[in-house]
Number of protein chains: 2
Amino acid sequence: MHDDRGRIMATTGKLLINGSWVTGENGYFQAYNPTTGAPLAQGYSFASADQVQQTALAAGEAFNMYARTSPRARAELLRTCAIEIEHLGEELLTTMAAETGYSRERCESERARTTYQLRLYAETLNSGDYLDARICTAQPHRTPAPRPDIRYVNQPLGVVAVFAVSNFPLAYSTAGGDTCSALAAGCPVIVKGHRSHPGTGELVAQAIGAAVERCGLPAAIFSFLQGEDNIAGKALIEAPQVKAIGFTGSQKGGMAISKIAAQRPEPIPVFAEMGSVNPVFILPEKMNGSAEDLADAFIDSLTLGNGQMCVCPGIVVANKGESLERFKARCTERVNKITAQPMLNKATATQFSTATTKAQALAGVSRLDSNTNVTESTHGFYAAATVLSTDLTTFVNEDDLHHEMFGPAAVIVATENTAQFETALAQLGGQLTATLHGSDAELEHHSELIQQLAAKAGRIVINGFPTGVEVCEAMVHGGPFPASSDSRFTAVGTASIQRFLRPVCYQNVPDNLLPEPLKNSNPLRISRLLNGEKTSSAVKPE
Amino acid sequence: MHDDRGRIMATTGKLLINGSWVTGENGYFQAYNPTTGAPLAQGYSFASADQVQQTALAAGEAFNMYARTSPRARAELLRTCAIEIEHLGEELLTTMAAETGYSRERCESERARTTYQLRLYAETLNSGDYLDARICTAQPHRTPAPRPDIRYVNQPLGVVAVFAVSNFPLAYSTAGGDTCSALAAGCPVIVKGHRSHPGTGELVAQAIGAAVERCGLPAAIFSFLQGEDNIAGKALIEAPQVKAIGFTGSQKGGMAISKIAAQRPEPIPVFAEMGSVNPVFILPEKMNGSAEDLADAFIDSLTLGNGQMCVCPGIVVANKGESLERFKARCTERVNKITAQPMLNKATATQFSTATTKAQALAGVSRLDSNTNVTESTHGFYAAATVLSTDLTTFVNEDDLHHEMFGPAAVIVATENTAQFETALAQLGGQLTATLHGSDAELEHHSELIQQLAAKAGRIVINGFPTGVEVCEAMVHGGPFPASSDSRFTAVGTASIQRFLRPVCYQNVPDNLLPEPLKNSNPLRISRLLNGEKTSSAVKPE
């Protein structure tokens, strides 16, 4: 299938290396339809380590030119990527649905999120805030020594490798947050696609490749590979041109990448978002007044995308008693009505089944719903929503209950009193999110608990549920280890650009040779810190 | 010696742990006077691993309270630290001079730099820019889904361990840039002092301890230890309460710390500033017109602090010819007049002697000066300024010439033409600084070279020399690996606070429960990103 410009818009199984679509030299694989378990027709090729090295070499050369493009040129690229992704039309939606088992509505909404994100980052580029421009003008008469003119601006880090995720083939993968923020920063990107959705990845890569060409930029600023972790993946992490890595996925995967990256002759930063259990604490007055509404909203959040969300609420903590029983009853009623839904791939379905089977077999843990786990023995890779119930003592003693069971599973922990909420929280490592429900009076009374949640999580949610990660300037999607490998940065929202920048300062550099953001006249019209004051005024030379 | 408030102002050899001065349980050591090589009278005690763990535990508990102090309270602490350091008076200056061999003038100027830095960071805290506050207000009527209210602010990371450096006992050690920025961020600090200047470290720790007490803050927000690297040092890096590390020193030391930190169950960030050779490129017209002046300024920079500077200019690259001969002749004349000066300790003097002896013995390398290396066989730990000369081919082939010889040694590399400057640059890893000298016309003609320097260094200096790291908002002291372990952050200048912060976002949190920087009324009067625009206005609730 080609569009009216002759552009191919169909999967081929090839890889995008330095502007050419080539066949990988390390064998073939197929994707599966999770709703049937059957392999999909198109074969895809794996890159060899040699091909990865060629890709990195070309990207490294393209960096020199791309790093010097104007913020406006990069904003234009991001907007063009959005247009080209939309231009993929029906082909993208049907390919994605076949590879993921997601509903058409989910595919459309994820596409909308992805293109919105690209356009939002384009606006951010134009504002220039991400540059963090700072100017300290010379003080030639200062004693005991004069101060030179010193100017500071963020510059791109280098080639970024992005490892695509299973559960968001668009928003966190080929053209997702990592790619979008790295391209915005001025860094070439090499995507290693996820083998669960190679066709979706390839189509999006075609769109980005077309956008790069339309914008007249070097082809090698964007590459798309498929490959085996221990061959292409390892070669990509070890390529000397690669200066940072973006990853979303499991803790095991993130830690494996971090380890290889730390052992390089030149260690490089890894931004691994590794998920969490996203605890939800419900205070008694609120529970008493809204048990059923809370249960409905909780089950909606738990089962969104069949629970395959980094911010899926996996733990609910509330005091035992009549209102918690109503909450549990409503959860049970709701979950029993939900039929098993497809998981993204066989491994994910199997891991979910193993984790939930193990958890529900623990002494002191009971399963509320009457669903049965559906595994690969049936056609397709299905999982049924699972709600477990336990008491605080069991929760404290069972380490298995403290970790993510990726999928639609949650544990309801009954405490004796709200003072015990802190004990429950203390069992958990760093979290992407932590949620508190309460009446106004209860929240005010538990302000200390909010501070404790903020010490452990990247995002605090009050009277809501954690699913739905808003793409905006103020989002934090990250958190203390092991939620992410570096809590100082977010993976979602415009602040994510900062992961791929480093500051450079210029001492006594003549105005005509300064980077645009630092020139006296402020040609980019950005806000700068000028001798300690934020201003978009020009610098008046001495 | 006590002051009029009864405060002790003399060295005792003890350690500051959780507000008490106690004797270390892992043996004793002495410092040496580098000018005589003789041990100094005061004995100092080493902390045991147990004592380190106690210190970390107390610091971790203090974090909960200190993290919640207002920026104003922390600014007051920094100012009080400056006052208390000044209050140490003569005792500090004589102790520092005895332990370092530095002139009184150097001791006074480093003290001034240190107290200036503390006061500058106090001002930065009051401005609130480091908080990076961002607010996206709710859009309840947005389709397809409403947007919640989301607010973002930087919060302190946790306990920071600071490893003091040999060459700046004040400005980069106990109360130096790492301590100052961590305390500013809201992070408790545990300093591991440098064994070359334990008395200077202890006196400054007494001053900080007094400041913490005067400000009514928890004693355990600042601790001071001495210890052996493989016992106290390792225990400190591995303490679970420690969430980040600041280090200035050798590449070997920085990499050893990074390795231990990466292998923790919870890996933590390490900010290691590991030095560099700080290449200086001189274009021909400039050299022709100013060979002697350039040589004078270069030798001044090379021998400042007897070359014991992270930003000491260790390589000069210029075209061969008559003007370079004049430059070399002047360097030789200048250096021959400089008597050997003390190095900070025996190991540094020995390493310098070994490195320069090896370099000058290479085929193709000649030594210009007629100094002789002075090692520990004489009284004291002396080193003589050393200027070597070579051609580009030798420089390219000899890896030994590409690395820092910590001390007053430089290599002058003669090229055939300025196109070869790029070849010389290509031999070098990441640098703290890179310098270019040229006439206005030459600089304009070599704008490409400036871009290449910026791709490899944290600070670009034009027509100057790299020594003199200005403490201001726009400084970058850091650079691509191996100059520092994380090029995205600076170790000097107010942006260094960002190393010890992480963002947290608050979703639909009632105004009365939001952190101060995010409240609608903007009580801190700081600049915030409000729905995409920088403003210090209040938020008008819906």
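Treat the numbers as computed from the prediction; the structure is a model and nothing was measured. (Residues numbered from 1 in each chain as written. Chains lettered and ligands numbered in written order. Predicted model: local features only at pLDDT ≥ 70, side-chain atom pairs only at ≥ 80, totals over all residues. Heavy atoms only, no water.)

A closer look at the overall build of chain A
Condition: The secondary structure listing takes helices from DSSP runs of H or I that are at least 4 residues long and strands from runs of E that are at least 2 residues long, numbered from the N terminus. C-alpha atoms define the radius of gyration in this analysis, and the globule rule sets the expected value at 2.2 Å times the number of residues to the power 0.38. The contact rule is simple, with two residues in contact once any of their heavy atoms fall within 4.5 Å. In these tables, accessible area is a Shrake-Rupley quantity obtained with a 1.4 Å probe, and a residue counts as shielded only by the protein chains included in the view.
Scanning chain A for helices and strands turns up 15 helices and 23 strands. For 542 residues, the compact-globule estimate of 2.2 N^0.38 gives 24 Å, and chain A sits close to it at 25 Å. Across its three principal directions, the C-alpha atoms of chain A cover 75 × 65 × 45 Å. For chain A, long-range pairs separated by at least 24 residues make up 75% of all intrachain contacts whose partners lie at least 6 apart in sequence. On chain A, roughly 18,900 Å² of surface is accessible, and the fraction owed to carbon and sulfur atoms is 51%.

Quick notes on the pairing of strand 20 (residues 457-462) of chain B
For the record, the criterion: Only protein chains enter the accessibility calculation, which uses a 1.4 Å probe. A residue is then buried if its area is under 20% of the maximum for its type, exposed if over 50%, and partly exposed in between. Only strands joined by at least two bridges in the DSSP assignment are considered to pair.
Of all 6 residues that make up strand 20 of chain B, 6 are buried, and the element is covered over most of its length. Here strand 21 (residues 501-507) of chain A pairs with strand 20 of chain B via 3 bridges, running parallel. In the strand pairing of strand 20 of chain B, A:Gln507 is matched with B:Val461. In this structure, strand 19 (residues 431-437) of chain B lies alongside strand 20 of chain B, joined through 5 bridges in parallel fashion. Residue pairing in the sheet places B:Thr433 in a bridge with B:Arg459 of strand 20 of chain B.

Thoughts on the relation of the copies chain A and chain B
Two copies of one chain are present, and they are related through a rotation about an axis combined with an axial shift. Put simply, the rule reads: The copies were overlaid by least squares, fitting only the C-alpha atoms of residues that reach a pLDDT of 70 or more in each copy.
By a simple turn and slide, chain A fits onto chain B: the slide is 0.0 Å along the axis, the RMSD is 0.0 Å, and the turn is 180°. Between the two chains, the operation in question is that of a two-fold axis. In terms of proximity to the rotation axis, the leading residue of chain A is A:Ala262, whose C-alpha is 3.6 Å off the axis.

Comments concerning the packing of helix 3 (residues 89-100) of chain B against helix 6 (residues 198-214) of chain B
Residues and elements named next belong to chain B. Threshold: All axes here are fitted lines through C-alpha atoms, helices being fitted over the stretch that makes contact, and every angle between N-to-C directions spans 0 to 180 degrees. When describing relative orientation, an angle under 35 degrees is termed roughly parallel and one over 145 degrees roughly antiparallel, while 65 to 115 degrees is termed roughly perpendicular and anything else oblique. For any pair of crossing helices, the crossing counts as left-handed if the nearer helix is rotated counterclockwise from the farther one by less than a right angle, and right-handed if it is rotated clockwise. Note on residue classes: Ala, Val, Leu, Ile, Met, Phe, Trp, Tyr, Cys and Pro are nonpolar, Asp, Glu, Lys and Arg are charged, and everything else, Gly too, is polar.
Contact geometry of helix 3 with helix 6 gives a least axis separation of 8 Å together with a crossing angle of 155°. Considered as vectors, helix 3 and helix 6 are oriented roughly antiparallel to each other. In this structure, the crossing between helix 3 and helix 6 has a hand that is left-handed. Taking contact as the criterion, the partners of Glu 91, Leu 92, Thr 95, Met 96 and Glu 99 in helix 3 are, on helix 6, Pro 198, Gly 199, Thr 200, Leu 203 and Val 204. Of the residues in the contact of helix 3 with helix 6, the class split is 5 nonpolar, 3 polar and 2 charged.

Details of the interface of chain A and chain B
Just so we agree on the cut-off: Whenever a carboxyl oxygen of Asp or Glu lies within 4 Å of a side-chain nitrogen of Lys or Arg, that contact is scored as a salt bridge.
On the chain B side, the residues contacting the 68 residues of chain A number 68 residues. In this assembly, chain A and chain B are joined by 4 salt bridges. Between A:Arg68 and B:Glu448 there is a salt bridge, with its nearest N and O atoms 2.7 Å apart. In terms of residue count, strand 21 of chain A provides more of the side of chain A that touches chain B than any other element does, 7 residues in total. Residue composition of the side of chain A that touches chain B, by class: 37 nonpolar, 12 polar and 19 charged.

Focus: the domain arrangement of chain A
All names here are of chain A. What counts is decided by this rule: Segment limits for the domains were obtained from an automatic or database-derived domain assignment. A simple way to read buried area is as the amount of 1.4 Å-probe accessible surface that goes missing from two parts once joined, with both sides added.
Annotation of chain A at the domain level lists domain 1 (15-139 + 146-274 + 492-497) and domain 2 (279-462). Using C-alpha coordinates to define each centre, domain 1 is positioned 33 Å away from domain 2. Counting each side, the surface lost to burial between domain 1 and domain 2 is near 1,200 Å², with a carbon and sulfur contribution of 58%. Area buried by domain 1 at its contact with domain 2 is led by Pro 34, Asn 167 and Glu 273, which between them contribute 33% of it.

Comments concerning the side chain of B:Gln507
Its location among the elements puts B:Gln507 in strand 21 (residues 501-507). The contacts of B:Gln507, once residues within four sequence positions are left out, are A:Arg459, A:Ile460, A:Val461, A:Ile462, B:Pro148, B:Asp149 and B:Ile150.

Topic: the environment of A:Leu16
Residues and elements named next belong to chain A. Inspection of the secondary structure assignment puts Leu 16 in strand 1 (residues 15-17). Look at Leu 16 and you get buried, because its relative accessible area is 4%. Not counting chain neighbours up to four residues away, the residues in contact with Leu 16 comprise Trp 21, Ala 205, Gly 209, Phe 222, Ser 223 and Phe 224.

Remarks on unusual backbone geometry
Each neighbour pair has its own omega, and for A:Thr143 with A:Pro144 the value is 0°, a cis peptide bond. Mapped onto the fold, A:Pro144 is located in the loop between strand 5 (134-136) and strand 6 (150-156). The omega angle of the peptide bond from A:Phe481 to A:Pro482 is 5°, so this bond is cis rather than trans. Within the secondary structure, A:Pro482 is located in the loop between strand 20 (457-462) and strand 21. The phi dihedral of A:Asn278 falls on the positive side, at around 50°, and the residue is not glycine. For A:Asn278, a relative accessible area of 0% puts it in the buried group. The phi angle at B:Arg525 is positive, at roughly 55°, despite the residue not being glycine. Looking at the element boundaries, B:Arg525 is found in the loop between strand 21 and strand 22 (528-530). We classify B:Arg525 as exposed; its relative accessible area is 63%.

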